[in-house]
Amino acid sequence: MSGMPPEPNPVPPQYVAYPRGQVRVGDPEKLRALADGYFALNWVFFGNVVLWFGSRAIPFISNDPTTALGLFGVWFLVIGLYVGFATYPQNKKIGYGCDWTPGWPIVASVLMALNAVLCCGIIGYVVMQQIAYQAMKKKFGVRARFGGLRKTDIEQAISEMRMAPPPPMP
């Protein structure tokens, strides 16, 4: 076999340096807005519940049924305005994180205010928090653990996004 040329040495494999595991990409400010809106709705709901319990005092401070009816009317107005105005900044944050048009947070707050007047309003809070959680899960890979979302997990995701290299330019 002397007439055959020698076999060339195989080229050593070239490895591409890419991050392994989950890489969080996206706008960390949108994740921050979603998380802030999500957690702040808990405090707004707490105020909602306090107002509902406060309404239990109306029969004791009114002298007659007409006064009680008037006080309940004022109370409905107060709780509706409280929920509408207190949820709007949180819904605006969630809307920013979900890429909503500016009108949708207003619609969400009005619906939550109406819901709060008709019953304690828990359904509106659950729906908005579920929307925020689904956006955090789909866009940013944030997952709830047993017991729900944790601020520390979200802070870690935000710091990972800030540390990730920018995507290559096309």
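The preceding data block contains the structure.
Every value quoted in this text rests on a predicted model; they were computed, and no experiment measured them. (Residues numbered from 1 in each chain as written. Predicted model: local features only at pLDDT ≥ 70, side-chain atom pairs only at ≥ 80, totals over all residues. Heavy atoms only, no water.)

Description of the overall build of the chain
From N to C terminus, the chain includes six helices and zero strands. Each helix and strand of the chain, placed in order from N terminus to C terminus, yields the pattern α-α-α-α-α-α. Across the 170 residues of the chain, 33% fall into the buried class. Pairs at least 24 residues apart make up 73% of the contacts formed inside the chain by residues separated by at least 6 positions. Taken as a whole, the chain presents about 11,700 Å² of accessible surface, with 69% of it coming from carbon and sulfur. (Helix = DSSP H or I, 4+ residues; strand = E, 2+ residues; numbered from the N terminus. Buried < 20%, exposed > 50% of the residue type's maximum accessible area, 1.4 Å probe, protein only. Contact = heavy atoms within 4.5 Å. Areas by Shrake-Rupley, 256 points an atom, 1.4 Å probe, with all protein chains shown as cover.)

Considerations on a nonpolar patch on the surface
Together, W104, I106, V107, V110, L111 and L114 give the surface a local cluster of nonpolar side chains, amounting to about 580 Å² of exposed area. Looking at the element boundaries, L111 is found in helix 4 (residues 103–118). Taking relative accessible area as the criterion, L111 reaches 53% and is therefore assigned exposed. (Patch = residues over 30% accessible without salt bridge, like charges linked within 9 Å, V, L, I, M, F, W, Y side chains within 5 Å. Salt bridge = Lys/Arg side-chain N within 4 Å of Asp/Glu carboxyl O.)

Brief notes about helix 6 (residues 151–163)
A turn of α-helix holds 3.6 residues, and therefore any two residues three or four places apart point the same way. Its 13 residues give helix 6 an end-to-end C-alpha distance of 18 Å, which sits within 8% of 18 Å, the value for a rise of 1.5 Å per residue. Buried within helix 6 are the following residues: D153, I154, A157, I158 and M161. Angularly, the buried residues of helix 6 cover 140 degrees about the axis, an arc narrow enough to put them on a single face. Facing away from the buried side of helix 6, by more than 90 degrees, are the exposed residues K151, T152 and M163. Looking at the buried residues of helix 6, the elements they touch are helix 1 (28–54) and helix 5 (122–140). (Expected span 1.5 Å × (residues − 1). Arc of directions from axis to C-beta.)

Description of the packing of helix 3 (residues 65–97) against helix 5
Packed helices, taken two at a time, are described by the angle their axes make and the gap between the axes. It is the contact of helix 3 with helix 5, at a shortest axis distance of 10 Å, that shows an interaxial angle of 15 degrees. Taken as axis vectors, helix 3 and helix 5 run roughly parallel relative to one another. Once helix 3 is placed against helix 5, the crossing between them reads as left-handed. From helix 3, V83, T87, N91, I94 and G97 reach across to helix 5, where they touch Y125, M128, I131, A132 and K139. (Axes fitted to C-alpha atoms, helices over the stretch in contact; angles between N-to-C directions. Parallel < 35°, antiparallel > 145°, perpendicular 65-115°, else oblique. Left-handed = near helix turned anticlockwise from the far one by under 90°.)

Focus on the pattern of salt bridges
Pairing of side chains with opposite charge becomes possible as their charged atoms draw close. Scanning the entire structure with this criterion turns up five salt bridges. R162 is paired through a salt bridge with E29; the nearest N and O atoms lie 2.4 Å apart. Within this pair, whereas R162 is found in helix 6, its partner E29 is found in helix 1, the two being separated by 133 residues in sequence. A salt bridge links D99 to K139; its shortest N-O distance comes to 2.9 Å.

Regarding the packing of helix 1 against helix 3
Closest axis-to-axis distance for the helix 1/helix 3 pair is 6 Å, and the angle between their directions is 170 degrees. Comparing the axis directions of helix 1 and helix 3 gives the class roughly antiparallel. Seen along the crossing, helix 1 lies across helix 3 with a hand that is left-handed. Class assignment for the residues of the contact of helix 1 with helix 3 results in 16 nonpolar, seven polar and four charged. (Nonpolar A, V, L, I, M, F, W, Y, C, P; charged D, E, K, R; others polar.)

So, the nonpolar core
It is characteristic of soluble globular proteins that their nonpolar side chains tend to be buried jointly. L31, L34, M136, V142, L149 and I154 are the most contacted members of the largest nonpolar core, which has 31 residues in total. Those elements giving two or more residues to this core turn out to be helix 1, helix 3, helix 4, helix 5 and helix 6. Setting aside chain neighbours within four positions, we find L34 in contact with K93, I94, G97, C98, A132, A135, M136 and F140. (Core = buried A, V, L, I, M, F, W, Y, C linked by side-chain atoms within 4.5 Å.)

Regarding unusual backbone geometry
Phi at D99 is positive, roughly 65 degrees, even though this residue is not glycine. With respect to the helices and strands, the residue D99 is situated in the loop between helix 3 and helix 4.

Function cannot be read off these values alone, since they describe shape.
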